[in-house]
Amino acid sequence: MTRPARVVVVGDVITDVVAVLSGPLAAGSDTGASISLGGGGQAANTAAWIAAQRVDVTLVGAVGDDDAGRTRVAELDRAGVDCAIERVEGAPTGTVIVLAADDERTMVSQRGANLRLSAAHVELALAAAPDAGHLHLSAYTLLDAESRGAGLRALAAARERGLTISVDAASAAPLRRVGAAVFLSWVRDIDLLLVNADEATVLAGGLDPAAQGRALSATARRVVVKRGAAGAVWVDRTTPVCVAPARRVAVVDVTGAGDAFAAGLLTAWLAGATPTAALSRATDLGALAVSTAGARPQA
């Protein structure tokens, strides 16, 4: 395999407040939890995991002109991520409250400055990365009308520059609000689409995972359906379906597991790995992520 060219990741930078619950949430009362605060955001997490694989990576995003924003960028700098971050006055750095229990997590989100990421900033960041070979876009940027222009510009600019492109579908609820047909029109003919089980159902209906992947491969050249503890499925237009089991580990916190999975998949695939080998690397990193608290690689 070869060393991948620089990966440019576009999307959210977030402060995560993660509460790993000691038991079922007692609505209207108290529930014990282990609580931590740190860096999050689908794009920022994926970039950090890519950097941990010793692949050059640039993160394009937005933070507020506040202490939280400065802290988030400093964390990413220390993790080896090249930050092309737009600082937005008058908007807070995004924050997500994550309630984690067993293998589920519920998120309460304030996207904050992420909504103000501009198409012009995305254009400048890509122009400043002439060694880039791949663009990875977190679909949160597409799914909110306020940041959609930046996401669409990222896709267009990557196509103009001849980069390969991947998109992580991000979240089922906003996908449902936007509509499957509209979203799929935005990502037509990208090289790789990543979806979890819920997102696959929104976009392709209640089929089995392989059938969902085949349906979505009419839009994207390759599709990976992430199924959590049930593993993952790779479908593309030219090779047989590839199925990989998940690694069996004790689950501490599933926050960021999909982002780690994406980083493992991308870095292996871009280095020339087969679908089987790329899925294996992806499940390795996903397992590492769920076995520790927090969304980023441990220092």
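Everything discussed here concerns the structure shown above.
A short tour of the structure in this document, coming up. Since the structure is predicted, the reported quantities are computational estimates derived from the model, not experimental observations. (Residues numbered from 1 in each chain as written. Predicted model: local features only at pLDDT ≥ 70, side-chain atom pairs only at ≥ 80, totals over all residues. Heavy atoms only, no water.)

**Remarks on the sheet that holds strand S2 (residues 14-21)**
No. 1: Reading across the sheet, the four strands line up as S3-S2-S6-S7 and stay open at both edges, with mixed pairing between neighbours. Because the sheet does not close on itself, it has two edges, and the strands there are strand S3 (33-40) and strand S7 (104-110). Averaged over all pairs of adjacent strands, the angle between their axes in this sheet comes to 20 degrees, without regard to strand direction.
No. 2: Of the strand pairs in this sheet, S2 and S3 are connected by eight bridges, and their pairing is antiparallel. Across the sheet, residue Ile14 finds its bridge partner in S3, namely Gly40.
No. 3: Contacts from helix H2 (residues 67-78) reach S2 and S3 within the one sheet, and its direction differs from that of S3 by about 80 degrees. (Pairing = 2+ DSSP bridges. Helix = DSSP H or I, 4+ residues; strand = E, 2+ residues; numbered from the N terminus. Axes fitted to C-alpha atoms, helices over the stretch in contact; angles between N-to-C directions. Contact = heavy atoms within 4.5 Å.)

**As for the pattern of salt bridges**
No. 1: Evaluation of the coordinates by the stated rule reveals 17 salt bridges.
No. 2: Of the charged contacts, one joins Arg111 and Asp144 as a salt bridge, the two residues approaching to 3.7 Å between their closest N and O atoms. With Arg111 in the loop between S7 and helix H3 (119-127) and Asp144 in the loop between helix H4 (140-143) and helix H5 (148-160), this residue pair connects regions lying 33 residues apart in the sequence.
No. 3: By relative accessible area, which is 14% here, Arg111 ends up buried.
No. 4: The partner of Glu123 in a salt bridge is Arg153, with the nearest N and O atoms 2.7 Å apart. With Glu123 in helix H3 and Arg153 in helix H5, the pair connects residues that are 30 residues apart, well separated along the chain.
No. 5: Taking relative accessible area as the criterion, Glu123 reaches 24% and is therefore assigned partly exposed.
No. 6: Through salt bridges with shared partners, one network takes in Glu123, Arg153, Glu160 and Arg161. (Salt bridge = Lys/Arg side-chain N within 4 Å of Asp/Glu carboxyl O. Buried < 20%, exposed > 50% of the residue type's maximum accessible area, 1.4 Å probe, protein only.)

**Here's the deal with H3**
No. 1: Here H3 has its buried residues at His121, Val122, Ala125 and Leu126. Along the axis of H3, the buried residues cluster in a sector spanning 130 degrees; they form a single face. Opposite the buried face of H3, at more than 90 degrees from it, the exposed residues are Ala120 and Leu124. (Arc of directions from axis to C-beta.)

**As for the pairing of strand S1 (residues 6-10)**
No. 1: Taken across its five residues, S1 has five buried, putting it largely inside the fold.
No. 2: In terms of strand pairing, S1 meets strand S8 (residues 132-138) through five bridges, oriented parallel. Counterpart to Arg6 in the pairing with S8 is Ala132.
No. 3: The pairing of S1 with strand S4 (residues 57-64) spans four bridges and is classified as parallel. Across the sheet, the residue bridging to Val10 is Val60, located in S4.

**Brief notes about the environment of Thr58**
No. 1: Looking at the secondary structure, you find Thr58 in strand S4.
No. 2: Accessibility expressed as a relative area gives 9% for Thr58, which makes it buried.
No. 3: For the pair formed by Thr58 and Gln212, sequence separation is 154 residues and the distance between their alpha carbons is 31 Å.
No. 4: Ignoring sequence-local partners within four residues, the contact set of Thr58 consists of Arg6, Val7, Val8, Val9, Asp82 and Ala84.

**A few points about the sheet that holds strand S10 (residues 192-196)**
Sheet strands line up and pair through hydrogen bonds in the backbone, either parallel or antiparallel.
No. 1: Ordered in space as S5-S4-S1-S8-S9-S10-S11-S12-S13, the nine strands form an open sheet in which the pairing is mixed. Single-partner strands in this sheet number two, and they are strand S5 (82-88) and strand S13 (242-244). Recorded for the sheet is a direction-independent mean angle of 15 degrees between the axes of neighbouring strands.
No. 2: In this structure, strand S12 (residues 232-236) lies alongside S13, joined through three bridges in antiparallel fashion. Bridge pairing in S13 places Val233 opposite Val243.
No. 3: Where H5 meets the sheet, its contacts fall on S1, S8 and strand S9 (164-168), and the angle it forms with S8 comes to roughly 160 degrees.

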